[in-house]
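If you want the building blocks of each chain, they are given just below.
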Amino acid sequence: MEPTKDSTCPPIKNFSEIPNDKKKRYQELISVFQQKYGKQPQFFVQAPGRVNLIGEHIDYCGYSVLPMAVEQNILIAAARSGDDKIFVANKDSNYADFECSTNNLTIAEGTTSWHVYFLCGLKAIEDSGQLQQQMSGLYCMVDGVIPKSAGLSSSSALVCCSALVAAFANNLKFTKSELAELCTVSERYCGTQGGGMDQSIAFMAEEGQAKLITFNPLSATNVQLPSGVVFVVSNSCVEMHKAATANFNIRVVECRLAAQLIAKKLGLDWLQLKKLGDVQKTLKYDLPQMLATVQQLLHAEAYTKQEVCTELGIEEDELNKTSLCGNTLHVQQFKLYNRAMHVFSEANRVHQFKAFCDNPDADVTQKLAKLMNDSHSSCRDLYECSCPELDSLVNICLQSGALGSRLTGAGWGGCAVSMVPTEQLKSFMENVKTKYYQSDSKRAGKVTESLFASKLGNGAAVYELT
Ligand code: ADP
Ligand code: NG1
Ligand code: MG
């Protein structure tokens, strides 16, 4: 299958195109907007969350991933302010109001408040270099229904949504892939050095389609999921705010160091080779050869920081500059072997998943299930990005009729995605509800938003109120 043709973003729709069952939410947001700002919004922007079916923690290593957008999204009602002032409020009163000027969109390092994600979106447009004049000021009201810090990409949905608000308010046109790339870079102002999976699917998703997202150059190719199964999301209810801890960036750095050590040992230009995928491209090896190379060149015990310096032939100060980042400077141990083994084996599973979907045979769901289960084991054991609650939830899902189940998103909490035969969906939901949610008083009240069969959502869009 060919990659989907890139198209201009935003798709601008009229308010009347919003399906009737969704209109109520928009109308409520108009009323909250009016109460807050004493005026009508001029337009809405929505950007979806996503569930990643397979390909975890490999986008930032340069490898393809296989997500689909979910129905849950971030919705922003907006109006131009007529000056340089930006006012941002949230329908959920737990999130404090914020205001600033478009003259000074600064994000202080280490700030983890919610409005920073909103600012990242504005920065994406500012950094595009396309603004011919001062960015227009805005009144915005945000309404998000993606479970947050749960691996469903609520952060990127917010970044992408606010970028599209700024693009539309300033009459700028971009392609979907341009916006995805701008937002990928700008979300790093929040502190996490992520890949581009979340921002790419937020813009490039199409209703009813899972996508193989490939980087450098960025493209999205439809993946036809097999019939007879449903993908169910279940939230462990353990929140993990990626920008507020070092877990995520430590993994990015471990992959970078693994790439650089392999490159150095093979006499390549290790300073230029910061991604495992780039090392593979340079070597022109296939993925099984890369796995063998890791086994040959790296040892399974953790590397100390000193040992990494000795291997690369540099002092600690230089290592801090070439390979580490702000919140990882304190780290003294790096599990390079395990992390690289995860990345190359996971990248291989993504290719196999896509190939099985493209040429389905009678055992297709069994084969996909095995890949999902292997992916979870690799995330848990080699990448160490699961947690006890998530492991227990994955086991409950498997015992309740899922063929395959795995953590989705960055992990250390958040959601599992399970492939469930359609005819067993009802009993699966009942079982998981009883065993994981109703058995715990804190989870019992959250079951509706925490356990759902995912409907494949659409990409980001603007709705004009005329
Ligand atoms: P995720 O896996 O959901 O992307 P992250 O830890 O990357 O989790 O980002 C979660 C952060 O995104 C939240 O702490 C909050 O700052 C922001 N966020 C997500 N949803 C909303 C929302 N509806 N309103 C305001 N901020 C939100
Ligand atoms: P979540 O869990 O949605 O914040 C993060 C990264 C992705 C990817 C996954 C793990 C960002 C914005 N998102 O997602 O790029 O690396 O973890 O596969 O950094
Ligand atoms: Mg996120």
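The structure we're discussing is the one just above.
First, a word on what this report is: a plain description of the structure on this page. (Residues numbered from 1 in each chain as written. Chains lettered and ligands numbered in written order. Predicted model: local features only at pLDDT ≥ 70, side-chain atom pairs only at ≥ 80, totals over all residues. Heavy atoms only, no water.)

**Examining the site of ligand 2**
The environment of ligand 2 is formed by 18 residues, the closest being E56, H57, D59, D198 and A410. S153 places a polar main-chain atom, nitrogen or oxygen, 3.3 Å from an oxygen atom of ligand 2. The separation between an oxygen atom of ligand 2 and a polar side-chain atom of K242 is 3.3 Å. Here ligand 2 has 440 Å² of accessible area as a free molecule, and 96% of this is covered by the chains. (Near = heavy atom within 4 Å. Polar contact = N/O pair within 3.5 Å; in protein donor to acceptor, adjacent residues only side chain to side chain. Areas by Shrake-Rupley, 256 points an atom, 1.4 Å probe, with all protein chains shown as cover.)

**Some details on the site of ligand 1**
Around ligand 1, a shell composed of 19 residues is seen, among which N90, S149, G151, S154 and K242 lie nearest. Here an oxygen atom of ligand 1 sits 3.5 Å away from a polar atom, N or O, in the side chain of H241. A distance of 2.8 Å separates an oxygen atom of ligand 1 from a polar side-chain atom of K242. Burial of ligand 1 by the protein chains amounts to 94% of its free accessible area of 570 Å². With three residues, the single largest contributor to the shell around ligand 1 is helix α3 (residues 154-169). (Helix = DSSP H or I, 4+ residues; strand = E, 2+ residues; numbered from the N terminus.)

**Notes on the packing of aromatic side chains**
A full pass over the atoms with the stated rule returns 12 aromatic pairs. Where Y37 meets Y139, the ring centres are 4.9 Å apart and the plane angle is 55°; that geometry is what we call tilted. With Y37 in helix α1 (residues 20-37) and Y139 in strand β7 (residues 138-144), the pair connects residues that are 102 residues apart, well separated along the chain. Like Y37, the residue Y139 is buried in the burial classification. Feature note: the residues F15, Y26, F44 and Y463 constitute an aromatic cluster, connected by ring pairs. One residue, R251, lies across the ring of Y383, its end atom 5.8 Å from the ring centre. Across from the ring centre of Y436, 3.8 Å away, lies the NZ or CZ of R443, which sits over that ring. (Phe/Tyr/Trp six-rings, centres within 6.5 Å; stacked < 30°, edge-to-face > 60°. Buried < 20%, exposed > 50% of the residue type's maximum accessible area, 1.4 Å probe, protein only. Lys NZ or Arg CZ within 6 Å of the ring centre and 35° of its normal.)

**Side note on the nonpolar core**
Counting residues in each nonpolar core, the largest one holds 155 residues, and the members touching the most others are F203, L276 and F353. Counting residues per element, this core draws most heavily on α3, which supplies 12 residues. Residues within four places of F203 in sequence aside, it is in contact with C9, C160, L164, K176, L179, A180, C183, G459 and A460. Counting 16 residues, the second largest nonpolar core, distinct from the first, contains I18, L29, F44 and A79. (Core = buried A, V, L, I, M, F, W, Y, C linked by side-chain atoms within 4.5 Å. Contact = heavy atoms within 4.5 Å.)

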